[in-house]
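# Structural characterization, general
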Amino acid sequence: MKEEVLSVENIQIQERSCDWKSAIETAVKPLIQNGFVEERYTAAILRNIEAWGPYFMAGPYIILPHARPEEGVRKNQISILSLKKPVYFDDGSIPIRLLMILASVDSKSHLRILKMLASVVTDEATLRSLLKSSTPQELFQCFQAKESKGGREDGISIHTTAD
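Residues numbered from 1 in each chain as written. Predicted model: local features only at pLDDT ≥ 70, side-chain atom pairs only at ≥ 80, totals over all residues. Heavy atoms only, no water.

As a reminder of what qualifies: UniProt positions are given in the numbering used here, feature names are shortened, and annotations may be inferred rather than shown by experiment.
The protein appears in an unreviewed UniProt entry as Ascorbate-specific PTS system EIIA component from [Clostridium] innocuum 2959. In the Function (unreviewed entry) part of its UniProt record, the protein is described as follows: "The phosphoenolpyruvate-dependent sugar phosphotransferase system (sugar PTS), a major carbohydrate active transport system, catalyzes the phosphorylation of incoming sugar substrates concomitantly with their translocation across the cell membrane. The enzyme II UlaABC PTS system is involved in ascorbate transport." Regarding the protein, the relevant UniProt record gives this comment under Subcellular location (unreviewed entry): "Cytoplasm".

## A look at the sheet that holds strand β3 (residues 57-59)
In sheet architecture, strand pairing relies on hydrogen bonds along the backbone and comes in two forms, parallel and antiparallel. Selection criterion: Whether two strands pair comes down to DSSP finding at least two bridges between them. Runs of H or I in DSSP of at least four residues are treated as helices and runs of E of at least two as strands, each being numbered from the N terminus. Between N-to-C directions, angles cover 0 to 180 degrees, with each direction set by a line fitted to C-alpha atoms, over the stretch in contact for helices. Two residues qualify as a contact provided that any one of their heavy atoms is within 4.5 Å of a heavy atom in the partner residue.
If you trace the 5 strands from one edge of the open sheet to the other, you get β2-β5-β6-β4-β3, paired in mixed fashion. The open sheet is flanked by β2 (11-14) and β3, the only strands paired with a single partner. Averaged over all pairs of adjacent strands, the angle between their axes in this sheet comes to 25 degrees, without regard to strand direction. In terms of strand pairing, β2 meets strand β5 (residues 77-89) through 4 bridges, oriented parallel. Across the sheet, residue Q12 finds its bridge partner in β5, namely L81. Along the sheet face, helix α1 (residues 20-33) touches β2, β5 and β6 (94-103) and points at about 160 degrees away from the line of β5. Packing of helix α4 (residues 124-132) onto the sheet brings it into contact with β4 (61-63), β5 and β6, and relative to β6 it is tilted by some 95 degrees.

## Regarding the pairing of β6
One face of the sheet, then the other: side chains in a regular strand alternate in exactly this way. The cut-off we apply is this: Partly exposed describes any residue whose relative accessible area lies between the buried limit of under 20% and the exposed limit of over 50%, with all areas from a 1.4 Å probe on protein chains only and scaled to the type maximum.
Where burial is concerned, most of β6 is hidden: 9 out of the 10 residues are buried. Examined bridge by bridge, β4 and β6 share 3 bridges and lie parallel to one another. Bridge pairing links I63 to L99 in β6. In this sheet, β6 lies alongside β5 in antiparallel orientation, the contact comprising 9 bridges. Paired with Q77 across the bridge in β6 is A103.

Following this line, the structure appears as structure tokens:
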């Protein structure tokens with residue numbers, strides 16, 4: 001049985017955010033509210049970004065911030081915040097529109113989730129669809145469509161419904 005790591009409840013779409021720190025805080029909120037991570041996970045992610053900077057960038061407009069499992073992860077999960085207007089990271093030169101927060105309970109899960117996300121963000125058509133999505137349901141459907149094409153075999157999945 002596949003482990004489901006993304007649901008429509010963990011997806012937010014906003015016009016803008018004040019800055020990248022506020023965007024991170026907003027992106028983590030669904031994970032906290034649904035009990036997937038503890039509140040301290042947000043602070044751990046912010047510390048990591050300040051220390052590692054662009055290491056978390058997955059491509060133009062995309063960042064995959066996360067922290068270690070022992071910093072508050074309770075269950076494997078992803079949350080996504082899509083911004084219509086970018087926030088800027090690293091001295092204002094790197095625009096971010098898609099924040100995909102990873103929460104993984106161990107390194108094996110971490111690698112499986114990253115592999116799944118990499119297959120999505122490296123597909124140009126899927127990425128364009130993600131950035132154009134105007135509702136959480138539309139964005140979720142981009143993941144569903146990519147997953148159904150790719151036939152996930154690694155034990156990681158998204159929710160099977162977008163209710």
